[in-house]
Amino acid sequence: MTQTPAATPVPVHWKLVIDAGDPHAQAGFWAAALGYEVEDNSALVRRLLQAGALPAEATVDSHGRAAFLDLIAVRHPEDPYDKDTGVGRGRRLLFQRVPEAKTVKNRLHLDLHPGEGRREGEVERLEALGASVLRRVKEASGEWVVMADPEGNEFCVC
């Protein structure tokens, strides 16, 4: 007798984890760059502190609220989130503190698509947020600007 395999559930949310020297600064940059929101995990942090499951030195005040020192995420403002923890259930970027600086080219990067005729304005806006232009590319396949975020992670504005 042949059994039909159970349907594999599709993930309902995802996060791209990005190493950072200063996770909170990176979260602020990318939230502004993408129109995302910095997650508010303060209720969870307070519960963990009160339960003795999290030492005070593993927390920081970020934007006037309790946050994890070494982790912070940003999420799309229209995506669902857990109201008890502040953890997003949709499109997220999670920044985690690492001791070493970035040393080589990214193996994964974001492409930002601001829309027809809006590339240069978007590049200027991102520069004002702390990004820098690495190079402008013009090829038969298209044009884009390669940029770096404040910690040197490459991304493209197409």
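Above this text you will find the structure in question.
The structure displayed is predicted, hence computed values, not measured ones. (Residues numbered from 1 in each chain as written. Predicted model: local features only at pLDDT ≥ 70, side-chain atom pairs only at ≥ 80, totals over all residues. Heavy atoms only, no water.)

Novice: Is there a simple way to explain the overall build of the chain in this structure?
Specialist: For the chain, the helix and strand inventory stands at three helices and 10 strands. When the helices and strands of the chain are placed in sequence order, the string is β-α-β-α-β-β-β-β-β-α-β-β-β. Each of the three principal axes of the chain carries a C-alpha extent, and together these read 60 × 55 × 30 Å. Counting all 158 residues of the chain, 35% fall into the buried class. A separation of at least 24 residues holds for 60% of the contacts in the chain among residues at least 6 apart in sequence. (Helix = DSSP H or I, 4+ residues; strand = E, 2+ residues; numbered from the N terminus. Buried < 20%, exposed > 50% of the residue type's maximum accessible area, 1.4 Å probe, protein only. Contact = heavy atoms within 4.5 Å.)

Novice: Honestly, the environment of Leu-112 in this entry has me stumped. Any pointers?
Specialist: Along the chain, Leu-112 turns up in strand E7 (residues 111-112). On the basis of relative accessibility, which here comes to 10%, the residue Leu-112 falls in the buried class. Note: C-alpha distance between Leu-112 and Asp-70 (42 residues apart in sequence) is 26 Å. Discounting chain neighbours no more than four positions away, the residues touching Leu-112 are Trp-30, Leu-34, Leu-126, Phe-155, Cys-156, Val-157 and Cys-158.

Novice: Would you mind showing me how to read the sheet that holds strand E1 (residues 14-20) here?
Specialist: Across a sheet, strands are paired by hydrogen bonds formed along the backbone, either parallel or antiparallel in direction. Taken together, four strands build an open sheet; the order of strands is E1-E6-E5-E2 and the sheet is mixed. Edge positions in the sheet fall to E1 and strand E2 (37-38), since each of these pairs with one other strand and no more. Direction of pairing for E1 relative to strand E6 (residues 91-97): parallel, over a ladder of seven bridges. By the bridge assignment for E6, Leu-16 is matched with Leu-93. Contacts between helix H1 (residues 23-34) and the sheet are confined to E1, E2, strand E5 (71-75) and E6, with E6 contributing the most and set at about 155 degrees to the helix. (Pairing = 2+ DSSP bridges. Axes fitted to C-alpha atoms, helices over the stretch in contact; angles between N-to-C directions.)

Novice: Sorry, what's going on with the packing of H1 against helix H3 (residues 119-129) here?
Specialist: Helices that pack against each other are described as a pair by the angle of their axes relative to one another and the distance between those axes. Following both chains from N to C, one finds H1 and H3 inclined at 160 degrees, their axes separated by 10 Å at the closest point. In terms of orientation, H1 and H3 fall into the roughly antiparallel class. Classified by chirality, the crossing of H3 by H1 is right-handed. Contact residues: H1 offers Phe-29, Ala-32 and Ala-33, while H3 offers Glu-122, Arg-125, Leu-126 and Leu-129. The class makeup of the residues in the contact of H1 with H3 is five nonpolar, no polar and two charged. (Parallel < 35°, antiparallel > 145°, perpendicular 65-115°, else oblique. Left-handed = near helix turned anticlockwise from the far one by under 90°. Nonpolar A, V, L, I, M, F, W, Y, C, P; charged D, E, K, R; others polar.)

Novice: What should I look at first to understand H1 in this one?
Specialist: Every α-helix carries 3.6 residues per turn, so stepping three or four residues along brings you back to the same face. Taking 1.5 Å per residue as the helical rise, H1 with its 12 residues ought to reach 16 Å, and the 16 Å between its terminal C-alpha atoms agrees with that figure. All of the buried residues in H1 are Pro-23, His-24, Gln-26, Ala-27, Phe-29, Trp-30, Ala-31 and Ala-33. (Expected span 1.5 Å × (residues − 1).)

Novice: What exactly am I supposed to notice about H3 here?
Specialist: All of the buried residues in H3 are Glu-122, Val-123 and Leu-126. Looking straight down H3, one finds its buried side chains confined to an arc of 100 degrees; they lie on one side. For H3, the exposed residues lying more than 90 degrees away from the buried face are Glu-124 and Ala-128. Where H3 is buried, its residues touch H1, E7, strand E8 (132-139), strand E9 (142-148) and strand E10 (154-157). Phi for Gly-130, located one or two positions after H3, is positive at around 120 degrees. (Arc of directions from axis to C-beta.)

Novice: What should I look at first to understand the state of the cysteines in this one?
Specialist: Two cysteines joined by a covalent bond between their sulfur atoms form a disulfide. Applying the stated rule across the entire model yields zero disulfides. Here Cys-156 stays unpaired: no disulfide links it, and the sulfur of Cys-158, its closest cysteine neighbor, is 5.5 Å away. (Disulfide = S-S within 2.5 Å.)

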